[in-house]
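Coordinate inspection notes
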Amino acid sequence: MRFRVRFRYSVISRTSGETEEGGEKGRAFSRRSNEFAAKVVSSNPKRLGFFANIPYSDTDGALKEIEYAYDTLKLDGIALWPDTGEDRKWLGNKTFAPIFDELNRRKAVVYVHPKVTSEINDAADPLRGLGINWENTTRTIISMLNSGIMMKIPDVKFIFSHGAALIPTVAPRLAGN
């Protein structure tokens, strides 16, 4: 049996550990990947878009890349991982407030996708081989709710991969039911 699928629009996104490093390496990676994505999109802008990378552990670098990606490259949104760095800062961490303030000002779309591999880094982790790491998306959503950041950035539109991870399952507990 053969299926034919037609897509009207597709969005390119790529998050990478290089964006976590900050500094010149993170800034350079973000710029290179965003310029490459913009070039691909320019081949068919009515059918393609892209979510830009930002070095979000580097606030100044992130703000500069947001400006460049929006004002010069004309991106469709920003792609983020649910956490960054070895110190495991979730997106609800107050250090990300200036970045989210700017994204709110721009009425941004923010696409959050978990890292491909498990942070548990345990060979016995039954999900490791599948590359499933949805629990970190759940953790970051809860961190954003607990920190109050979601109420401060009403104009940011979030897309959380995999049906917002485990949030639909734990929502009654979050609501106190």
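What you see is a predicted model, and the numbers here were worked out from it, not measured in a lab. (Residues numbered from 1 in each chain as written. Predicted model: local features only at pLDDT ≥ 70, side-chain atom pairs only at ≥ 80, totals over all residues. Heavy atoms only, no water.)

1. Topic: the packing of aromatic side chains
Two aromatic rings, taken as a pair, are described by how far apart their centres are and by the angle between their planes. Just so we agree on the cut-off: Under the pairing criterion, centres of Phe, Tyr and Trp rings, with the six-membered ring standing for Trp, must be within 6.5 Å; the plane angle then separates stacked pairs below 30 degrees from edge-to-face pairs above 60, leaving the rest tilted. We call a charge positioned above a ring when the Lys NZ or Arg CZ atom is no farther than 6 Å from the ring centre and deviates by at most 35 degrees from the ring normal.
One pass over the structure, following the stated rule, counts 4 aromatic pairs. A centroid spacing of 5.3 Å and a plane angle of 10° characterise the contact between Phe158 and Phe160, whose relative ring orientation is stacked. Counting every residue linked through ring pairs, the aromatic cluster contains Phe100, Phe158 and Phe160. For Arg31, the ring lying beneath its charged end belongs to Tyr68, and the centroid distance is 3.6 Å.

2. Focus on the packing of helix H2 (residues 59–73) against helix H3 (residues 97–105)
The following threshold applies: Lines fitted to C-alpha atoms define the axes, with helix axes restricted to the stretch in contact, and inter-axis angles between N-to-C directions lie between 0 and 180 degrees. In this text, helices come from DSSP runs of H or I with a minimum length of four residues, and strands from runs of E with a minimum of two, each type numbered from the N-terminal end. The labels follow the angle: roughly parallel below 35 degrees, roughly antiparallel above 145, roughly perpendicular from 65 to 115, and oblique for the rest. By definition, any crossing whose near helix is turned counterclockwise from its far helix by less than a right angle is left-handed, and any crossing with a clockwise turn is right-handed. Here, residues are in contact when the closest pair of their heavy atoms is within 4.5 Å. Here the nonpolar group is Ala, Val, Leu, Ile, Met, Phe, Trp, Tyr, Cys and Pro; Asp, Glu, Lys and Arg are the charged ones; every other residue, Gly included, is treated as polar.
Running from amino to carboxyl end, H2 crosses H3 at an angle of 15°, the nearest separation of the two axes being 9 Å. On the basis of their axis angle, the class for H2 and H3 is roughly parallel. In the packing of H2 onto H3, the handedness of the crossing is right-handed. Packed against H2, whose contacting residues are Thr59, Ala62, Leu63, Ile66 and Tyr70, the element H3 presents Pro98, Ile99, Glu102 and Leu103 at the interface. Looking at the contact of H2 with H3 residue by residue, the class counts come to 7 nonpolar, 1 polar and 1 charged.

3. Comments concerning the sheet that holds strand S1 (residues 10–13)
Test applied: Only strands that DSSP links by at least two bridges are regarded as paired with each other.
Ordered in space as S1-S2-S3-S6-S7, the 5 strands form an open sheet in which the pairing is parallel. Two strands lie at the open edges of the sheet, namely S1 and strand S7 (157–160), each paired on one side alone. Ignoring strand direction, the axes of neighbouring strands in this sheet form an average angle of 30°. Alignment of strand S2 (residues 48–52) against strand S3 (residues 77–80), held across 2 bridges, turns out to be parallel.

4. Points about H3
Let me state the cut-off plainly: Exposure categories follow from relative accessible area, calculated using a 1.4 Å probe and restricted to protein chains: below 20% of the type maximum is buried, above 50% is exposed, and the middle band is partly exposed.
The set of residues buried in H3 consists of Ile99, Phe100, Glu102, Leu103 and Asn104. Tucked into the core, H3 has its buried residues touching H2, S3, strand S6 (109–112), helix H4 (134–147), helix H5 (149–152) and S7. Lys107 occupies a position one or two residues after H3 and carries a positive phi of about 55°.

5. Section: unusual backbone geometry
You will see that Lys74, though not glycine, has its phi angle at about 60°, which is positive. Looking at the element boundaries, Lys74 is found in the loop between H2 and S3. For Lys74, a relative accessible area of 57% translates into the label exposed. Its identity as a non-glycine residue notwithstanding, Lys107 has a phi of 55°, on the positive side. For Lys107, the location among the structural elements is in the loop between H3 and S6.

6. Regarding the nonpolar core
Spelled out, the test is: What is meant by a nonpolar core is a set of buried Ala, Val, Leu, Ile, Met, Phe, Trp, Tyr and Cys residues, joined one to another through side-chain atoms within 4.5 Å.
The biggest cluster of nonpolar side chains holds 34 residues, and the ones touching the most others in it are Ile78, Phe100, Leu103 and Phe158. Those elements that place two or more of their residues in this core are helix H1 (23–42), S2, H2, S3, H3, S6, H4 and S7. With 6 residues, the top contributor of residues to this core is H2. Look past the residues within four positions of Ile78 in its chain and what remains in contact with it is Phe51, Ala52, Ile54, Ile66, Tyr70, Leu103, Val109, Val110 and Tyr111.

7. Remarks on the pattern of salt bridges
Cut-off, in case you're wondering: What makes a salt bridge here is a side-chain nitrogen of Lys or Arg within 4 Å of a carboxyl oxygen of Asp or Glu, nothing more.
Using the criterion set out here, one finds 6 salt bridges in the structure. Arg31 is paired through a salt bridge with Glu65; the nearest N and O atoms lie 2.9 Å apart. Of this pair, Arg31 sits in helix H1 while Glu65 sits in helix H2, placing them 34 residues apart in sequence. Residue Glu65 is classed as buried on the basis of its relative accessible area, which comes to 3%. Here Asp71 ties to Arg106 by a salt bridge, and the two come within 2.9 Å at their closest N and O atoms. With a gap of 35 residues between them, Asp71 in helix H2 and Arg106 in the loop between H3 and S6 connect regions that are remote in the sequence. Ionic contacts of the salt-bridge type, sharing partners, join the residues Asp71, Glu102, Arg105 and Arg106 into one network.

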